[in-house]
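Structural overview
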Amino acid sequence: MIRFRFVLLVFSVCCLNLLMTQNPLIAQWSTSTIAESTLYVCPGFYPGIVTFDDGSSIILGALQSYIYAQKLDEYGYKQWTTPVQVFHNDSSYITETPNGDEIWGGWITDGVGGVIVFWYDHRGAYFDQTSWANNAIYAQHVDKFGNLLWGNGVKIEGPETGLKRGDIVNDGQGGCVIAMAESEFDFPGASNKERTRIVRVSNSGQILWDKALDSNNIHYSVYYVIAKRAIDRLYVTSPFGARISLFDGTQITDSALSGFGLLTSEKDSVLYNVKNINSNTILQTKFTYTLDTIWTATSSGGSGSVSIIHNSAVPDGAGGIYYLRTREDSSLYAKVRRVDNRGEVWENELIVTNTDIPTGGTDGHGGIMVGGQWPPRVWRFDSLKNPVWNNPVHILNSQADAYFPIFSSDNNGGMIMTYWTTNGGIYTQHSGRYGQVGVITNVHELNNVPTNIILNQNYPNPFNPETVIKYSIPRKEFVSIKIFDVTGREINSLVNTIQEAGTYIVKWNAINIPSGVYFYQLTTPSFTQTKKLLLLK
């Protein structure tokens, strides 16, 4: 057992960033609603975002010949010393799909804190018929430490492809399956056929199989493709119909899955599907993962021409789903429908007014969040259609300063939005579960004074060069937190003061400290606890 020596106080010359806050936790997120004053994350033009159960996220930025990524913890602190360059090739032109829908690729969590991303790489001028053959789709896997696991990227498919829409799912084994819709390709030598193509990539970046769901239609727009997974099955649907297969590539087919809102729940091993029967009737179906019907429900589309938003199904956390619809005219509102775990449909839809290009996400507490791009703001409702926030949260006051905003739940009732600003680069903003911009609020910490002294494991661990230590004290008392090396030598004193009861975080930046095992120790007049942390450079 290591014995710590307290004879001589040694101050390190390392750079130390110290942050201590009480409830609610005020973090690195900006409280500003001016785009250029929010949190700058990485270079880029088109953003992307993946969130994790612990509240952390990976933000992506793509622009022409490169893609960057940066990981943020739940408090908005950057976990990688510099943004990771996922891809760079000066001859490439990474941009949105040519139909102008602002989609540059797709991304999915790898299940262990990293991200798998694919992108449309238009090498050469896309509409130059002499250079179209260089266009391709590539993929890369970035682990939670920012390491690139697939070399310079995996080429998923090549020159025979045309306009694309894609979706991606985690295969549960460190790899992924990418589903792509190809259409309206009339360059020399092309087949001019539309199809859905499905490719599985292993955890080592090897293509395991490549299959196509073909069509004889020529110049028919494949305007969406949705891919989902439950246990060992892959479900892909598009206007051509549906494909169901095992992850070894064995195909099973069932046309009942064709539709716009496909959702799987691996926790419950079920599958939900939402589709239009006709212009005014919607069919919702819940299946077992082997496609045995659990229930079906129909609902009226109401007055006016209203369309289901592709891939808009959101779990309610209790065996049911939400899905979004929007008008096809100039009216700016979204309609939200809920079907519970028994197949009972809300009698009246929830109408969210003054929202353009709406998207939905779970709030982690049985409700739904609905976000609109113009202006960038978010509404939150519970399962009974009651507003949780009295007013929508205005993430930004001026929509003219931010472009391509997308948002994701932080899995604790709040949300994270990322966007490009006129200041250049990808910026990010956060709203806590009570609708406060830039404020982290954890319901347990906010509503309860801690009953015991708690010293949490630092996060991330291993780390380089920064890590966060979180701790709680139940009463006002003197608190000390110090860092020691394996010989018992004190490296840093992070906290050395009297504090009120509450939950605190302290950040250690070890930029000038060598790699190795270190220990952090919390001491009060009645309590001492030591934990290990690992610095890897």
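Below or above, wherever it landed, is the structure these notes cover. Remember, it's a predicted structure, so these values are computed and weren't measured experimentally. (Residues numbered from 1 in each chain as written. Predicted model: local features only at pLDDT ≥ 70, side-chain atom pairs only at ≥ 80, totals over all residues. Heavy atoms only, no water.)

1. A word on the overall build of the chain
This is how it is decided: Runs of H or I in DSSP of at least four residues are treated as helices and runs of E of at least two as strands, each being numbered from the N terminus. Areas reported as accessible are Shrake-Rupley estimates using a 1.4 Å probe. Residue values count occlusion only from the protein chains shown.
Regarding its fold elements, the chain presents 1 helix and 42 strands. Counting every atom, the chain has about 22100 Å² of accessible surface; 49% of that belongs to carbon and sulfur.

2. A word on the packing of aromatic side chains
Spelled out, the test is: Classification of ring pairs uses Phe, Tyr and Trp, with its six-membered ring standing for Trp, and accepts pairs whose centres are within 6.5 Å; under 30 degrees between planes counts as stacked, over 60 as edge-to-face, and the remaining range as tilted. In this scheme, a residue with accessible area under 20% of its type's maximum is buried, one over 50% is exposed, and one in between is partly exposed, where area comes from a 1.4 Å probe on protein chains only. By definition here, charges over rings are those cases where NZ of Lys or CZ of Arg is within 6 Å of the ring centre and within 35 degrees of the ring normal.
With the rule as written, the count across this model stands at 15 aromatic pairs. Between phenylalanine 45 and phenylalanine 404, the aromatic rings sit 5.0 Å apart at their centres with planes inclined by 70 degrees, giving edge-to-face as the arrangement. Within this pair, whereas phenylalanine 45 is found in the loop between strand S2 (39-42) and strand S3 (46-51), its partner phenylalanine 404 is found in strand S32 (residues 402-409), the two being separated by 359 residues in sequence. Looking at phenylalanine 45, the relative accessible area reads 21%, which means it is partly exposed. Under the relative-accessibility criterion, phenylalanine 404 is labelled buried at 13%. Aromatic rings pair up to connect Phe45, Tyr46, Tyr403, Phe404 and Trp420 into one cluster. One Lys or Arg, lysine 71, reaches over the ring of phenylalanine 52 and ends 4.8 Å from the middle of that ring. Here the basic side chain of lysine 385 rests over the ring of tryptophan 346, its NZ or CZ set 5.2 Å away from the ring centre.

3. Details of the pattern of salt bridges
Let me state the cut-off plainly: Note on definitions: salt bridges are taken to be side-chain nitrogens of Lys or Arg within 4 Å of carboxyl oxygens of Asp or Glu.
Applying the stated criterion to the full structure yields 8 salt bridges. Its salt-bridge partner being arginine 342, residue glutamate 344 comes within 3.3 Å of it at the nearest N-O pair. We classify arginine 342 as exposed; its relative accessible area is 54%. As a salt-bridge pair, glutamate 466 and lysine 507 come within 2.9 Å of each other at their nearest N and O atoms. Taken together, the positions of glutamate 466 in strand S37 (residues 466-473) and lysine 507 in strand S40 (residues 502-509) put the pair 41 residues apart, joining distant regions of the chain. Taking relative accessible area as the criterion, lysine 507 reaches 7% and is therefore assigned buried. Shared partners join several salt bridges into a network, and the residues in it are Asp340, Arg342 and Glu344.

4. So, the pairing of S37
Stated formally: Any two strands are treated as partners once DSSP identifies two or more bridges connecting them.
Of all 8 residues in S37, 8 are buried, a share of seventy percent or more. The side-chain alternation of S37 yields two buried faces, one formed by Glu466, Val468, Lys470 and Ser472 and the other by Thr467, Ile469, Tyr471 and Ile473. Sheet analysis places strand S36 (residues 454-455) next to S37, joined by 2 bridges and oriented antiparallel. The partner of leucine 455 across the bridge, within S37, is tyrosine 471. Across 8 bridges, S37 lies against S40 in antiparallel orientation. Considered in S40, the bridge of valine 468 is made with lysine 507.

5. Remarks on the environment of arginine 325
By secondary structure assignment, the location of arginine 325 is in strand S25 (residues 321-327). On the accessibility criterion, arginine 325 (1% relative accessible area) is buried.

6. A few points about the sheet that holds S40
With antiparallel pairing, 3 strands are arranged side by side in an open sheet as S36-S37-S40. The sheet is open, and its two edges are formed by S36 and S40, each paired on a single side.

7. Section: the environment of histidine 365
As for its position among the elements, histidine 365 is in the loop between strand S28 (359-362) and strand S29 (368-372). When its relative accessible area of 41% is taken as the criterion, histidine 365 is described as partly exposed. Placed 48 residues apart in sequence, histidine 365 and glycine 317 show a C-alpha to C-alpha distance of 7.2 Å.

8. Some points on the sheet that holds strand S5 (residues 66-72)
Rules: A fitted line through C-alpha atoms represents every axis, and for helices the fit uses only the stretch in contact; the resulting angles, taken between N-to-C directions, go from 0 to 180 degrees.
Here 4 strands make up an open sheet; going across it, the order is S3-S4-S5-S6 and the pairing antiparallel. With partners counted over all chains shown, the strands left at the sheet margins are S3 and strand S6 (84-88), one partner each. Neighbour to neighbour, the strand axes of the sheet diverge by 20 degrees on average, direction disregarded.

9. Describing unusual backbone geometry
With omega at 5 degrees, the peptide bond leading from asparagine 461 into proline 462 counts as cis. Along the chain, proline 462 turns up in the loop between S36 and S37. At the junction of asparagine 464 and proline 465, the peptide bond is cis and its omega measures out at -10 degrees in the coordinates. With respect to the helices, strands and loops of the structure, proline 465 is situated in the loop between S36 and S37. Even without a glycine there, the phi angle at lysine 385 is positive, about 75 degrees. With respect to the element layout, lysine 385 can be found in the loop between strand S30 (377-381) and strand S31 (393-394).

10. What to know about the side chain of arginine 380
Our working rule: Every residue pair with non-hydrogen atoms within 4.5 Å of one another is taken to be in contact.
By the secondary structure assignment, arginine 380 is in strand S30. Setting aside anything within four residues of it in sequence, one finds arginine 380 in contact with Asp363, His365, Ile368, Met369, Asn386, Pro387, Val388, Trp389, Gly413 and Arg433.

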